[in-house]
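Below, each chain spelled out in residue letters.
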Amino acid sequence: MAHTTIKVDSSIRDRLAILAAEKGTTIAGLVSEFATHTPTQSERAEQIAKTFEVLHALSGYTPDPEQDRVADKELARRLGGGA
């Protein structure tokens, strides 16, 4: 496997080293885990679309963007993240 170097500030490198040590891995392992398990925007959009398809197929419910916005605002309020 080919390796590459990623340049970050030393403070970020030090934080990555701490996070990696806490997980019992290396910085390379930490970055690899992040890249492998974090979906891209297009992957998230695809997952959301599939979820909405299943939701509609099972219940007939199709979320409305305004309902989503109101629900997101309420959730943030309940979690202490908004008014």
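Scroll up a little and you will see the structure.
A few points on the structure.

What counts, and where the lines are drawn
- Residues numbered from 1 in each chain as written.
- Predicted model: local features only at pLDDT ≥ 70, side-chain atom pairs only at ≥ 80, totals over all residues.
- Heavy atoms only, no water.
- Helix = DSSP H or I, 4+ residues; strand = E, 2+ residues; numbered from the N terminus.
- Buried < 20%, exposed > 50% of the residue type's maximum accessible area, 1.4 Å probe, protein only.
- Lys, Arg positive; Asp, Glu negative; His and termini not counted.
- Charge placed at Lys NZ, Arg CZ, Asp CG, Glu CD.
- Polar contact = N/O pair within 3.5 Å; in protein donor to acceptor, adjacent residues only side chain to side chain.

1. Some words on the overall build of the chain
From N to C terminus, the chain includes four helices and zero strands. Secondary structure elements of the chain, listed N to C terminal, follow the sequence α-α-α-α. Principal-axis analysis of the C-alpha atoms gives the chain an extent of 50 × 35 × 20 Å. Considering the chain as a whole, with its 83 residues, one finds that 4% of them fall into the buried category. With 10 positive and 12 negative side-chain charges, the chain shows a spacing of 5 Å between the two charge centroids.

2. Details of the environment of Thr38
By secondary structure assignment, the location of Thr38 is in the loop between helix 2 (27-37) and helix 3 (41-59). When the C-alpha positions of Thr38 and Ile6 are compared, they lie 18 Å apart, and in sequence the two are 32 residues distant. A distance of 2.7 Å separates a polar atom in the side chain of Thr38 from the backbone oxygen of Phe34.

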